[in-house]
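# Coordinate inspection notes
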Amino acid sequence: MNISSKIVEDAVKSFSSLPGVGRKTALRLVLHLLNDKYDLADEMSLGLSKLKEVRFCKQCHNISDNDVCEICTSQARNRQTVCVVESIRDVIAIEETGYFSGLYHVLGGIISPLNGIGPENLNIRSLLERIERQGVEELIMAISPTIDGDTTIYYLTRMIPSHVKVSTIARGVAFGGELEYADEFTLGRSIASRVPYTVQNNQL
Amino acid sequence: MQLNKIHITNFCNLKNLELQFHPSVNAFVGNNGMGKTNILDAINYLCLTRSNFSRTDKFNVLHGENFFRISGDFTRNSKKNHVVIKLPVEGQKSLELNGKDLERMVDHIGKFPVVMIAPKDNVQILESSAERRKLIDKVLSQVNIAYLKDLMAYNKLLEQRNAMLKSGQSSGSVKALLEVYDEKMEPLAKHIFLQRNEFIEELKPIFIRLYSRIAHSGEQAEMEYFSQLSVGNFIEKCRKNLEKDMALKRSSTGIHKDDVHFTINQNAISNFASQGQLKSLVLAFKLAQFVYLKMKTDTTPVILLDDVFDKLDRDRVKHLVQLLFEEQLGQVFITDTDEQRILETFEKINFEFFWFKIKDGTVIQRNGTES
Ligand SMILES: [Zn+2]
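Residues numbered from 1 in each chain as written. Chains lettered and ligands numbered in written order. Predicted model: local features only at pLDDT ≥ 70, side-chain atom pairs only at ≥ 80, totals over all residues. Heavy atoms only, no water.

## With respect to the overall build of chain B
Worth spelling out the cut-off: Numbered from the N terminus, helices here are DSSP runs of H or I no shorter than four residues, and strands are runs of E no shorter than two. Here the globule rule reads 2.2 Å times residues to the power 0.38, and the radius of gyration is calculated from C-alpha atoms. Burial here depends on accessible area, computed with a 1.4 Å probe over protein chains only, as a share of the maximum for the residue type. Under 20% is buried, over 50% is exposed, and the range in between is partly exposed. By definition in these notes, contact holds between two residues if any of their heavy atoms fall within 4.5 Å. His residues and chain termini do not enter the charge count, which takes Lys and Arg as positive and Asp and Glu as negative. For the purpose of locating charges, the reference atoms are NZ of Lys, CZ of Arg, CG of Asp and CD of Glu.
Looking only at helices and strands, one finds 10 helices and 16 strands in chain B. In terms of overall dimensions, chain B is globule-like: its C-alpha atoms have a radius of gyration of 22 Å, near the 21 Å expected for 371 residues. Referenced to the eigenvectors of the C-alpha coordinate spread, the extents of chain B come out at roughly 75 × 55 × 35 Å. Within the span of chain B, comprising 371 residues, buried residues form 56% of the whole. Pairs at least 24 apart in sequence give 71% of the contacts found in chain B among residues at least 6 apart. Looking at charge distribution, chain B has the averaged site of its 51 positive side-chain charges lying 3 Å from that of its 47 negative ones.

Next up, the structure:
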């Protein structure tokens, strides 16, 4: 690809350094911005330069515009229940469901010494402090169902005071899914972690 | 169980090979390095999704090609099965059973049981406790898939524990994590210990009987399982060794320290056993595994015999073949460099069989006729 403008060439280079964006797509995006009549490029450049101001919430380590994020400061949320997740993406995914009204705590990964991540490399100390200070009553562990994920849950459970209730998110057969199509591992786990059935349970 | 047909493409030195097999004996003859063993290893792949020789998959791709593919038609309890295993040099190994992709390779293990006896076993059994454990794990995994899953989980945890120890950190939270690994490893270690213990106890009488038949000398062979888990409490031992582990930077407690000791007339084999004794011992151990697998699974495993007649005189070969058939082997695949020896041996006992003469990765003769 030979581009007659160095400016456009540089812009294409920047776009194509994004994950999932090839050179062809990058060129298409840049040409779109060039032809755009609504100052989209200006708007974007302003927004992009502001990204530097984004920080991490002092309390839950989620992304935030202020010292403490909007979820942590919201009066509408239940402060006694904290959902422990690996990453910011998990917070966004759970928020999208609209089913959770407690607070979060982002660990920043899971324990894996092979990858150089020990307990001290994660936001664990701040979680323990929060539990005391904030009077947390329940922790929901929304962590990958892998051996390392389980190790992380086990470790956390060992470190927190015994009066705090710990639960893990249910892992099992998809709602509306038929049992014969579930793989045996998922099905086995669903049976092991079965839940009591009541009439109230029947409603979503 | 039977393998009726195999189609091998770009595997080791086998460019493109299609073979129909006999339900009882199939013999591959030819000089060393021509590809006989590779055919056995291709069968091993179809059964266990991997090489018997623990080589990296990629190294089994024919030089200059970018994939290998092996497909086979099995009959198991009168049901037909088609297995395809593919390995692209760049990408993931995949396995297809009856047209359906298998998500995890481990789900295939045990469906088509196999025992391979190769000269390398002699070395393995002497070499290290790790190699001896591998020989046991290979059989137990085929009998009980839960065993293999426990073992994989245990090894993953052990790897993480060792990585934490290697980092040299010793804070309170690191110690707490090491204890977490111990507590998570404990139930897995107990399961594995119990299974290995039971396995060796069941294998022992079969092994002793077979050794005395093979060795033909009145010598008494024995095998004994050793594990730290046989006495005391696992967690207590881990706690006691924690400081030591941190100093040595490796885990000193667990089933990864298990071993099996072999003796002949109460002497350890590593010290004195002759080549002949060693060969008899390995054959007895491996054949015992075959008998065990046959007993524990609902089908007769396929047996792969690589060069087992090597350095045996005619009488011993005859004797060994007799024994093999007394144990009611199912389908046998056997290699030999000595064409005359193998043909005579099977003809003498009036056995129907197919034979293939292999040269440079291709079949140049089948059952006496040019290919
Ligand atoms: Zn926050």
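From this point, the narrative continues.
## Quick word on the coordination of the zinc ion
Residue and element names in this part refer to chain A. Selection rule: Excluding water, the donors of a metal are its N, O and S neighbours within 2.8 Å, or within 3.2 Å for Na, K and Ca, and that exclusion means sites may look incomplete. By the criteria applied here, four donors are tetrahedral when all angles lie between 85 and 135 degrees, four are square planar and six octahedral when opposite donors are over 155 degrees apart and every other angle lies between 65 and 115, and any other arrangement is irregular.
In the first shell of the zinc ion, the protein supplies Cys-57 (SG), Cys-60 (SG), Cys-69 (SG) and Cys-72 (SG), at 2.2 to 2.4 Å from the metal. Geometry at the zinc ion is tetrahedral, judged from the 4 donor atoms that bind it and their angles of 107 to 115° at the metal. A residue is classified by how much of its surface remains accessible, and Cys-60, at 1% relative accessible area, is buried.

## Things to note about the environment of Pro119(A)
The residue Pro119(A) is located in the loop between strand 4 (102–106) and helix 6 (125–134) in this model. Relative accessible area serves as the criterion here: at 5%, Pro119(A) is assigned to the buried category. Taking the C-alpha atoms as reference, Pro119(A) lies 8.6 Å from Tyr155(A); in sequence the two are 36 residues apart. Ignoring any residue separated from it by four or fewer positions in sequence, one finds Pro119(A) in contact with Ile124(A), Tyr155(A), Met164(B), Ser173(B), Val174(B) and Leu177(B).

## A look at the side chain of Asn38(B)
Relative to the helices and strands, Asn38(B) is located in helix 1 (residues 36–48). In contact with Asn38(B), other than residues within four places in its own chain, are Phe11(B), Cys12(B), Asn13(B), Leu14(B) and Arg55(B).

## Here we look at the domain arrangement of chain A
Operational definition: Source of the domain bounds: an automatic or database domain assignment.
Once the domains are mapped, chain A shows domain 1 (6–53) and domain 2 (69–196). Inter-centroid distance (C-alpha atoms) of domain 1 of chain A to domain 2 of chain A is 37 Å.

## Thoughts on the packing of helix 3 (residues 129–143) of chain B against helix 4 (residues 145–166) of chain B
For any two helices packed against each other, one specifies the crossing angle of their axes together with the interaxial distance. All names here are of chain B. Short version of the rule: Here, axes are lines fitted to C-alpha atoms. For helices the fit covers the stretch in contact, and angles between N-to-C directions go from 0 to 180 degrees. Convention used here: angles under 35 degrees read as roughly parallel, angles over 145 as roughly antiparallel, angles from 65 to 115 as roughly perpendicular, and any remaining angle as oblique. Think of it as three bins: nonpolar holds Ala, Val, Leu, Ile, Met, Phe, Trp, Tyr, Cys and Pro, charged holds Asp, Glu, Lys and Arg, and polar takes everything else, Gly as well.
Running from N to C, helix 3 and helix 4 cross one another at 125°; their axes reach a closest spacing of 5 Å. Compared by their axis directions, helix 3 and helix 4 come out oblique. In this structure, helix 3 contributes Asp-137, Leu-140, Ser-141 and Val-143 to the contact, and helix 4 contributes Ile-145, Tyr-147, Leu-148 and Leu-151. The class makeup of the residues in the contact of helix 3 with helix 4 is 6 nonpolar, 1 polar and 1 charged.

## Topic: the packing of aromatic side chains
Aromatic ring pairs are described here by two measures, namely the spacing of the ring centres and the angle between the planes. Residues and elements named next belong to chain B. To keep it simple, the criterion reads: Only centres within 6.5 Å qualify two rings of Phe, Tyr or Trp (six-membered ring in Trp) as a pair; their planes then separate them into stacked at under 30 degrees, edge-to-face at over 60, and tilted for everything else.
This structure, assessed with the given rule, holds 15 aromatic pairs over all chains. Seen from their ring centres, Phe-74 and Phe-112 are 4.4 Å apart, and the 25° between their planes marks the pair as stacked. Note that Phe-74 is positioned in strand 4 (residues 67–76) and Phe-112 in the loop between strand 7 (100–101) and strand 8 (114–117), a separation of 38 residues in sequence. Consider the rings of Phe-199 and Tyr-292, whose centres lie 4.7 Å apart with planes at 80°: the pair is edge-to-face. Of this pair, Phe-199 sits in helix 5 (residues 172–215) while Tyr-292 sits in helix 8 (residues 275–296), and the two are 93 residues apart along the sequence. Of the aromatic side chains, those joined through ring pairs into one cluster are Phe-21, Phe-28, Phe-333 and Phe-356.

## What about helix 4 of chain B?
Residue and element names in this part refer to chain B. Here is the rule we go by: Here the expected length of a helix is defined as 1.5 Å per residue gap, with one fewer gap than residues. Counted as a polar contact is a pair of N or O atoms within 3.5 Å, where, for protein atoms, one must be capable of donating a hydrogen and the other of accepting one, and residues adjacent in sequence contribute only when both atoms are in side chains.
Taking 1.5 Å of rise per residue, 22 residues should cover 32 Å, and helix 4 covers 31 Å from first to last C-alpha, within 8% of that figure. A side-chain oxygen of the first residue of helix 4 lies 3.0 Å from the backbone nitrogen of Ala-146; this N-cap is Asn-144. In the segment just after helix 4, Gly-168 is the residue with positive phi, at about 75°.

## With respect to the packing of helix 7 (residues 147–159) of chain A against helix 4 of chain B
What counts, and what does not: Two helices cross in a left-handed way if the nearer one is turned anticlockwise from the farther one by less than a right angle. They cross in a right-handed way if the turn is clockwise.
The N-to-C vectors of helix 7 of chain A and helix 4 of chain B enclose an angle of 60°; their axes lie 10 Å apart at closest approach. The angle between helix 7 of chain A and helix 4 of chain B falls in the class oblique. In the packing of helix 7 of chain A onto helix 4 of chain B, the handedness of the crossing is right-handed. The segment helix 7 of chain A lies against helix 4 of chain B, with Ile147(A), Asp148(A) and Thr151(A) engaging Ala153(B), Lys156(B), Leu157(B) and Gln160(B).

## Here's the deal with the sheet that holds strand 11 (residues 267–268) of chain B
All names here are of chain B. Put simply, the test is: What makes two strands pair is DSSP finding at least two bridges between them.
Taken in spatial order, the 3 strands of this open sheet run 9-10-11, and their pairing is antiparallel. The sheet is open, and its two borders are formed by strand 9 (221–226) and strand 11, each paired with just one other strand. Here 2 bridges tie strand 10 (residues 259–264) to strand 11, and the two strands are oriented antiparallel to one another. Directly across from Thr-263, in strand 11, lies its bridge partner Ala-268.

## Some remarks on a nonpolar patch on the surface
Residue and element names in this part refer to chain A. So the rule is basically this: Each patch groups residues whose relative accessible area exceeds 30% and which form no salt bridge, using 9 Å between like charges and 5 Å between nonpolar side chains of Val, Leu, Ile, Met, Phe, Trp and Tyr. Note on areas: Shrake-Rupley with a 1.4 Å probe; residue coverage comes only from the protein chains shown. Only one rule defines a salt bridge in this text: a Lys or Arg side-chain nitrogen within 4 Å of an Asp or Glu carboxyl oxygen.
A cluster of nonpolar side chains, Leu-40, Met-44, Leu-48, Leu-51, Val-54, Phe-56, Ile-63 and Ile-92, forms an exposed patch at the surface whose accessible area comes to about 700 Å². It is helix 3 (residues 40–50) that provides the largest number of residues to the nonpolar patch, a total of 3 residues. The topology assignment puts Leu-40 in helix 3. A relative accessible area of 30% means that Leu-40 is categorised as partly exposed.

## Quick notes on the sheet that holds strand 6 (residues 94–97) of chain B
Residues and elements named next belong to chain B. The antiparallel open sheet is built from 6 strands, whose spatial order is 2-1-4-5-6-7. For this open sheet the edge positions go to strand 2 (14–20) and strand 7, each flanked by a neighbour on one side alone. Of the pairings in the sheet, the one linking strand 4 to strand 5 (residues 79–88) comprises 10 bridges and is antiparallel in character. Bridge pairing in strand 5 places Asp-73 opposite His-82. Its contacts with the sheet place helix 1 against strand 1 (2–11), strand 2, strand 4 and strand 5, and it is angled at close to 110° to strand 1.

## Re the pattern of salt bridges
As enumerated under the stated definition, the model contains 32 salt bridges over all chains in all. Across the salt bridge formed by Arg239(B) and Glu183(B), the nearest N and O atoms sit 2.8 Å from each other. With Arg239(B) in helix 6 (residues 234–248) and Glu183(B) in helix 5, this pair connects stretches of sequence that are 56 residues apart. Accessibility expressed as a relative area gives 29% for Arg239(B), which makes it partly exposed. Via salt bridges that share partners, Arg158(A), Arg161(B), Glu179(B), Asp182(B), Glu183(B), Arg239(B) and Asp245(B) belong to a single interconnected network.

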